[in-house]
Amino acid sequence: MLVHGLGAGLRSWSPIIDELAESREVIAIDLPGFGETPPLSGEVSISTLTDSVVAFIREQGLDGVSTVGQSMGGRMVLELARRGVGGDTVALDPGGFWSDRELLVFGATLRPSIALVRALRGALPTLLGNPVGRTLLLAQLSARPWALPRDVVLPDVRGLADSPSTGAALDALTKGPKQEGAAAGTVPGRVTIGWGRRDLVTVPRQAERAAELFPDAVLHWFERCGHFPQWDAPLEAVRLILDHTD
């Protein structure tokens, strides 16, 4: 089961979902307030968003499902593992492991970026269709934005601008508690944490904190990769997911 971060909802996985589906049954979800799923009626927090995923897993009879998440979704699948929900876990560049200073920088840089893409909403297809425009807009998210196809990045950028829960979810990340860990031997399956060496959103030194809080985890580094492994290293991301989940 694929759990996305801030952005396009399940379409965030479009660069790799077909390759994953060649080998596995894949379930990609839209979190509340993203894609086609209505927002939560009450508080939006990492806890309540994760509650909605737990409810979906139980309603659909998916106990023991392997979970894969990126960014906010990466944090959420680690939270599922901490709660003992699911099976194997792969978290790509998860949030929630920043220092107080890093968290301030995260909020101070990402909020203006979201405001900018909202202001440029109508021009995004043109801007992202140009290597220079992609580089200017996506330098914080990708290690090589000029090389990415427009149709790969456009859904996530539009999702940041359009998703009803973008602001509330960002508040949950920046104003809510940091991610709690899980003691050795308490998670339901294997845990793998993948991190981009050039991630400017959840910076690489946060990987050590994540590994300390989840001592059962295996840490994998994506070289020459930013915050979105499915953008910058899609084949490697597919291989990591398939090799570390059942």
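Residues numbered from 1 in each chain as written. Predicted model: local features only at pLDDT ≥ 70, side-chain atom pairs only at ≥ 80, totals over all residues. Heavy atoms only, no water.

**Side note on the overall build of the protein chain**
Here is step 1: Scanning the protein chain from N- to C-terminus turns up 11 helices and six strands.
Here is step 2: Its C-alpha atoms give the protein chain a radius of gyration of 17 Å, within 12% of the compact-globule value 18 Å for 246 residues.
Here is step 3: Over its C-alpha atoms, taken along the principal directions, the protein chain stretches across nearly 50 × 40 × 35 Å.
Here is step 4: Per-residue burial over the protein chain gives 53% buried out of 246 residues. (Helix = DSSP H or I, 4+ residues; strand = E, 2+ residues; numbered from the N terminus. Rg over C-alpha atoms; globule rule 2.2 N^0.38 Å. Buried < 20%, exposed > 50% of the residue type's maximum accessible area, 1.4 Å probe, protein only.)

**Examining the pairing of strand β5 (residues 191-196)**
Here is step 1: With six of six residues buried, β5 lies mostly within the body of the structure.
Here is step 2: Along β5, one buried face is formed by V191, I193 and W195 and the opposite face, lined by T192, G194 and G196, is buried too.
Here is step 3: In terms of strand pairing, strand β4 (residues 89-92) meets β5 through four bridges, oriented parallel. Its bridge partner being in β5, L92 is matched across the sheet by G194.
Here is step 4: Sheet topology note: the β5/strand β6 (residues 218-222) ladder contains five bridges and is parallel. By the bridge assignment, G196 is partnered in β6 with F222. (Pairing = 2+ DSSP bridges.)

**Observations concerning the pairing of strand β3 (residues 67-70)**
Here is step 1: With burial as the criterion, each face of β3 is covered, one bearing T67 and G69 and the other bearing V68 and Q70.
Here is step 2: In terms of strand pairing, strand β1 (residues 2-3) meets β3 through two bridges, oriented parallel. Its bridge partner being in β3, V3 is matched across the sheet by G69.
Here is step 3: For the segment spanning β3, helix α3 (residues 72-83) and β4, crossover handedness is right-handed. (Right-handed = clockwise from strand over helix to strand, strands pointing away.)

**Digging into the packing of helix α4 (residues 100-119) against helix α8 (residues 166-175)**
Here is step 1: At a closest axis distance of 10 Å, the pairing of α4 and α8 adopts a crossing angle of 170°. By the angle between their axes, α4 is roughly antiparallel relative to α8. Residues L103, F106, G107, L110, R111, I114 and R118 of α4 pack against T166, G167, L170, D171, L173, T174 and K175 of α8. (Axes fitted to C-alpha atoms, helices over the stretch in contact; angles between N-to-C directions. Parallel < 35°, antiparallel > 145°, perpendicular 65-115°, else oblique. Contact = heavy atoms within 4.5 Å.)

**Notes on the UniProt feature "domain: AB hydrolase-1" (unreviewed entry) in the protein chain**
Here is step 1: This chain's UniProt record puts "domain: AB hydrolase-1" (unreviewed entry) on residues 2-238.
Here is step 2: With 44% helix and 10% strand, residues 2-238 has its two end C-alpha atoms placed 12 Å apart. (UniProt positions renumbered as here; feature names shortened; annotations may be inferred.)

**Let's talk about the pattern of salt bridges**
Here is step 1: Here the structure, examined in full by the defined rule, presents 15 salt bridges.
Here is step 2: As a salt-bridge pair, E102 and R209 come within 2.6 Å of each other at their nearest N and O atoms. Pair noted here: E102 is in helix α4 and R209 is in helix α9 (residues 206-213), with a separation of 107 residues, a long-range link.
Here is step 3: On the basis of relative accessible area, R209 is assigned to the partly exposed category, the value being 27%.
Here is step 4: Among the charged side chains, a salt-bridge network with shared partners connects D51, E79, R82, R83 and E180. (Salt bridge = Lys/Arg side-chain N within 4 Å of Asp/Glu carboxyl O.)

**A few points about the sheet that holds β5**
Here is step 1: Reading across from one edge, β2-β1-β3-β4-β5-β6 is the order of the six strands in this open sheet, with parallel pairing throughout. Taken across any chain shown, the strands that pair with only one partner, and hence form the sheet edges, are β2 (28-29) and β6.
Here is step 2: Sheet analysis places β3 next to β4, joined by four bridges and oriented parallel. Across the sheet, T67 pairs through a bridge with T89, a residue of β4.
Here is step 3: Strands in contact with α3 are β1, β3, β4 and β5; relative to β3, the strand with the most contacts, it is inclined by about 145°.

**Digging into unusual backbone geometry**
Here is step 1: The backbone of S71 shows a phi angle near 60°, a positive value even though the residue is not glycine.
Here is step 2: As for its position among the elements, S71 is in the loop between β3 and α3.
Here is step 3: Despite not being glycine, R224 shows a phi value in the positive range, around 50°.
Here is step 4: Along the polypeptide, R224 turns up in the loop between β6 and α10 (229-232).

**Digging into α8**
Here is step 1: Among the residues making up α8, those that are buried are T166, A169, L170, A172, L173 and T174.
Here is step 2: Contact partners of the buried residues in α8: α2 (46-59), α3, α4 and α7 (150-162).

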